[in-house]
Amino acid sequence: MHIFMTIQVRFFASLREQIGIADTQLEASAALTVIQVWQQTTGQSTLPANILMAVNMDYVAAEQPVADGDEVAFFPPVTGG
Amino acid sequence: MHIFMTIQVRFFASLREQIGIADTQLEASAALTVIQVWQQTTGQSTLPANILMAVNMDYVAAEQPVADGDEVAFFPPVTGG
Amino acid sequence: MMHIKILDQAFEPYAQLQGYQASLSAEARGFGATSVFVGTMRDFNQGVQVQRMVLEHYPGMTEKELSRIASEAEQKWEILDGLILHRVGEITPPDSIVLVAIWSRHRLDAFEACRYIMEALKSRAPFWKKEALDTGERWLDKNTAGYK
Amino acid sequence: MMHIKILDQAFEPYAQLQGYQASLSAEARGFGATSVFVGTMRDFNQGVQVQRMVLEHYPGMTEKELSRIASEAEQKWEILDGLILHRVGEITPPDSIVLVAIWSRHRLDAFEACRYIMEALKSRAPFWKKEALDTGERWLDKNTAGYK
């Protein structure tokens, strides 16, 4: 069976500067979780401590599966207010 | 020995209306406590439940002694704010 | 440093805040957090329509007790400046009754001091409300608790 | 019913409050208690002088997360209306960064909902601050806790 997905991936703030990417698209031929999106986009096997993750603008855990068309975001602890 | 004191006595809000006195002076020839000021001013032997008392604009208990020139006030629970 | 004022005329709370903040000392201008509470007269209370009310107070003791409450707050929290305003006399809805504002460096101090002052004011500052209803007048008998 | 707005221009918090309160619905005009928090940019943070900062956010998620926080507050407390404003972009001291205001019938709801929203905003809403110092730039790494 051939699964084909396009995932929009976004990085914010200090993480965006460290990774050197603001937005990118990831194409995948198998089911993925958020941490796998991280690994395939950044080439890094582990997530930084305290990193936050969202799928379609809802906070999720690293093991959350993603679906075709999803927007996945990675960012450092928030500092608004 | 002859002690002679003049005490200013004040009543506020619903208590002022019930007692029918706003301000009065009490002259005394012996040491007094706040509850004795109440008794001599109102003719009532007991204090109403929840009544508040102040001497010189500081909250006090009923057994607090008063001195010549003091201002003693009686009032119901406060309802400001 | 807190400013306490008893007012016998209506006041617009947000205009007061803007004006007061503009007059803060150089040191107080280091604030990062402001917590404000405004109490407003409602035309409905405890199930009935209220036309107006008279706010009686004990002149002299009101200011003394509010200063004591302000000092307690300044001992408990780091406060740069504060403003306490309270109406007296005849009041109609929707007049503002009370305003408490605290300027601090950090939000924990501002939030807690503002609430502390409001709760202490409600239970200790000598003010009394007499409401005018369709059916006559009534003194409010006590304030409700503000902490759970 | 709460109004949430992300602003890329400076705002005067007390003028905003005055204007917003004037526009409240007939039902919301039954408020007796208003609790307000204003967060302001200081020119000094963590021991050093700060010239200005850039507030980055995640457009879309910011509004979504703030709406979720507002709904949580509306489930926990009785709220008549609320206003949440937050600056983004380049900011200089002493600009206002954030405003949260809650209108309720009673003060417990107003106080607790306002503080809840501020704490949740600080820990969950996707905003990030990058400060410009004399010596260069730095990202703030985390917000401090607001409850003891």
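Residues numbered from 1 in each chain as written. Chains lettered and ligands numbered in written order. Predicted model: local features only at pLDDT ≥ 70, side-chain atom pairs only at ≥ 80, totals over all residues. Heavy atoms only, no water.

1. Topic: the sheet that holds strand 1 (residues 2-7) of chain C
Spatial ordering of the open sheet is given by 1(C)-5(C)-7(C)-2(C)-2(D)-7(D)-5(D)-1(D), a layout of 8 strands whose pairing is mixed. Looking at the sheet topology across the chains shown, the edges are occupied by strand 1 of chain C together with strand 1 (2-7) of chain D. With strand direction ignored, the average angle separating the axes of adjacent strands in the sheet is 10 degrees. Contacts from helix 3 (residues 107-124) of chain C reach strand 1, strand 2 (33-40), strand 5 (81-87) and strand 7 (96-104) of chain C together with strand 2 (33-40) of chain D within the one sheet, and its direction differs from that of strand 7 of chain C by about 150 degrees. Across the sheet, helix 2 (residues 61-76) of chain D lies against strand 1 and strand 5 (81-87) of chain D, angled at about 155 degrees from strand 1 of chain D, the strand it touches most. (Pairing = 2+ DSSP bridges. Helix = DSSP H or I, 4+ residues; strand = E, 2+ residues; numbered from the N terminus. Axes fitted to C-alpha atoms, helices over the stretch in contact; angles between N-to-C directions. Contact = heavy atoms within 4.5 Å.)

2. Some details on the side chain of Arg107(C)
The residue Arg107(C) is located in helix 3 in this model. Taking the relative accessible area as the measure of exposure, Arg107(C) reaches 9% and is therefore buried. Residue contacts for Arg107(C): discarding those within four places in its chain leaves Ala33(C), Phe37(D), Met118(D), Glu119(D), Lys122(D), Thr144(D), Ala145(D) and Gly146(D). (Buried < 20%, exposed > 50% of the residue type's maximum accessible area, 1.4 Å probe, protein only.)

3. A closer look at the state of the cysteines
A full pass over the atoms with the stated rule returns 0 disulfides over all chains. Residue Cys114(C) stays outside any disulfide, its sulfur separated by 9.1 Å from that of Cys114(D), the closest cysteine. Cys114(C) sits in the buried class, given a relative accessible area of 0%. (Disulfide = S-S within 2.5 Å.)

4. As for the interface of chain D and chain A
Every contact between the two is made by 27 residues of chain D and, on the other side, 20 residues of chain A. Carbon and sulfur atoms make up 55% of the area that chain D and chain A hide from each other, which totals about 1,900 Å². Its largest share of buried area at the contact with chain A, chain D owes to Tyr58(D), Met61(D) and Trp128(D), together 34% of the area lost on that side. Put simply, chain D and chain A have 4 salt bridges between them. Residue Arg68(D) pairs with Asp58(A) through a salt bridge whose shortest N-O separation is 2.9 Å. At the junction of chain D and chain A, the tally comes to 18 residue pairs in polar contact (both at pLDDT 80 or more). (Buried area = accessible area lost by both parts, 1.4 Å probe. Salt bridge = Lys/Arg side-chain N within 4 Å of Asp/Glu carboxyl O. Polar contact = N/O pair within 3.5 Å; in protein donor to acceptor, adjacent residues only side chain to side chain.)

5. Brief notes about the sheet that holds strand 7 (residues 71-75) of chain A
Strand pairing in a sheet is mediated by backbone hydrogen bonds. Such pairs are either parallel or antiparallel. Sheet architecture is open: 5 strands sit in the order 2-1-7-4-5 (chain A), paired in mixed fashion. In this open sheet, the two strands that pair with only one neighbour each are strand 2 (23-28) and strand 5 (58-59) of chain A.

6. A closer look at the environment of Val72(B)
Residues and elements named next belong to chain B. Secondary-structure assignment places Val72 in strand 7 (residues 71-75). Residues Val72 and Gln18, 54 residues apart in the sequence, show an inter-C-alpha distance of 17 Å. The contact partners of Val72, leaving out residues within four places of it in the chain, are Ile7, Gln8, Val9, Arg10, Val34, Val37, Ala54, Val55 and Val66.

7. Re the interface of chain D and chain C
At the interface, 35 residues of chain D touch 35 residues of chain C. In this assembly, chain D packs against chain C so that about 3,200 Å² is buried in total across both faces, 53% of it on carbon and sulfur atoms. On the chain D side of the interface with chain C, the three residues burying the most area are Tyr14(D), Arg107(D) and Phe111(D), jointly 25% of the side's total. Applying the counting rule to chain D against chain C returns 4 salt bridges. One salt bridge connects Glu112(C) with Arg115(D), and the closest N-O pair in it is separated by 3.1 Å. The tally of links between chain D and chain C comes to 14 residue pairs in polar contact (both at pLDDT 80 or more). Contributions of two or more residues to the side of chain D that touches chain C are made by helix 1 (13-22), strand 2 and helix 3 (107-124) of chain D. In this structure, strand 2 of chain C lies alongside strand 2 of chain D, joined through 7 bridges in antiparallel fashion. Within the sheet, the bridge partner assigned to Ala33(C) lies in strand 2 of chain D and is Gly39(D).

Just distances and angles here, no functional claims.
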